[in-house]
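Here is how the chains run, residue by residue.
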Amino acid sequence: MKNRYYGYVRVSTKEQNEDRQILALSDFPISRENLYTDKVSGKDFHRPQYQRMVKKLRKGDILVVKSIDRLGRNYEEILEQWRRLTKEKGVDIVVIDMPLLDTRNKNDLTGTLIADIVLNLLSYVAQTERENMRQRQAEGIAAARKKGVKFGRPPIPVPEAFEKVSKRWENGEISSRNAAMQLGISQNTFLRWSKKMG
C-alpha cells in the first residue's frame, strides 16, 4: 500500500488565518480529506482534528507540519507525541521549517541523534515562547489595571424605579420574577440588588 501524506495545521484563535501554513503544505501530495486544521491553543494535544487525524494514521504514513510549534507548545507533550507517532505508530514526520526534523531520512545513527537534539531544543523553545507570551499578557493586564482600565462587563446601572418595584415585592404584591421583568433585568440581578440594598 502506498504511503499516504497527511497535513496538520493549527492556529491559536478563530481570528488567526491558516492560509500561510496551508500554502506551505501544498508542496506535498496531501489530499483535501487528509488535511486537518484546529483553531485552538497548542498547550496540549486534546484537539478534535488532531485526535481524528492520529486515529487515521497508519505505519508508513507521512505527517507534514509547517513548524514544530504548530504541532504543539508543551515541551513534554511534543516529545511524547513525537515518540508515539514515530515509534509506536511507525509514522514519518516532516517539519517544513526544519529539514533536520524529517524522519524519512533516518538511515544513519548520526542523523537520528541530530534530529533528537533539534527536536528537544525546538520543543523547549516552543514552550518557553508560550510561557513568555502568557507572562507578557499578564504584565499588560496588570499595567492596564494600574492605569485604571476596567476589565469585564460594565456593571448594570440600577434603574430609577428599583426602589418602588422592590417595595412592592417586599410587601408581597408581586413576585421577584415579575419585579425583574418590570425593571428589564434578570431575576438573579434583582435578588442580588435587593439583598445588597437591604
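See the structure printed just above.
Residues numbered from 1 in each chain as written. Predicted model: local features only at pLDDT ≥ 70, side-chain atom pairs only at ≥ 80, totals over all residues. Heavy atoms only, no water.

(A) Representation of the side chain of Q81 in the model. Its location among the elements puts Q81 in helix α4 (residues 75-88). Among residues more than four places away in sequence, those in contact with Q81 are F45 and Y50. (Helix = DSSP H or I, 4+ residues; strand = E, 2+ residues; numbered from the N terminus. Contact = heavy atoms within 4.5 Å.)

(B) Fine view of the environment of A24. Mapped onto the fold, A24 is located in helix α1 (residues 19-25). On a C-alpha basis, the gap between A24 and V65 in space is 8.7 Å, while along the polypeptide they are 41 residues apart. Beyond its immediate chain neighbours, meaning those up to four positions away, A24 contacts K66 and I96.

(C) Expanded view of the pairing of strand β4 (residues 92-95). Neither face of β4 is left uncovered, since the one carrying D92 and V94 and the one carrying I93 and V95 both have all their residues buried. With four bridges connecting them, strand β3 (residues 62-65) and β4 associate as parallel partners. Of the residues in β4, the one forming a bridge with V64 is V94. (Buried < 20%, exposed > 50% of the residue type's maximum accessible area, 1.4 Å probe, protein only. Pairing = 2+ DSSP bridges.)

(D) Quick look at the pattern of salt bridges. The tally for this structure, following the rule as stated, stands at eight salt bridges. Note that E80 is salt-bridged to R83, the shortest N-O span being 2.8 Å. A residue pair is termed a helical-turn pair when its members lie 3 or 4 positions apart in one helix, as E80 and R83 do in helix α4 at three residues. Its salt-bridge partner being E88, residue R83 comes within 2.9 Å of it at the nearest N-O pair. A network of salt bridges, in which partner residues are shared, links E80, R83 and E88. (Salt bridge = Lys/Arg side-chain N within 4 Å of Asp/Glu carboxyl O.)

(E) Expanded view of the sheet that holds β4. The strand order β2-β1-β3-β4 describes an open sheet built from four strands, whose pairing is parallel. Each edge of the open sheet is held by one strand with a lone partner, namely β2 (35-39) and β4. Strand-to-strand twist in this sheet, taken as the mean axis angle between neighbours without regard to direction, amounts to 20 degrees. The sheet contact formed by strand β1 (residues 5-11) and β2 spans five bridges and is parallel. Within the sheet, the bridge partner assigned to G7 lies in β2 and is L35. Against the sheet, helix α2 (residues 48-56) contacts β1, β2 and β3, and its axis sits at roughly 155 degrees relative to β2. (Axes fitted to C-alpha atoms, helices over the stretch in contact; angles between N-to-C directions.)

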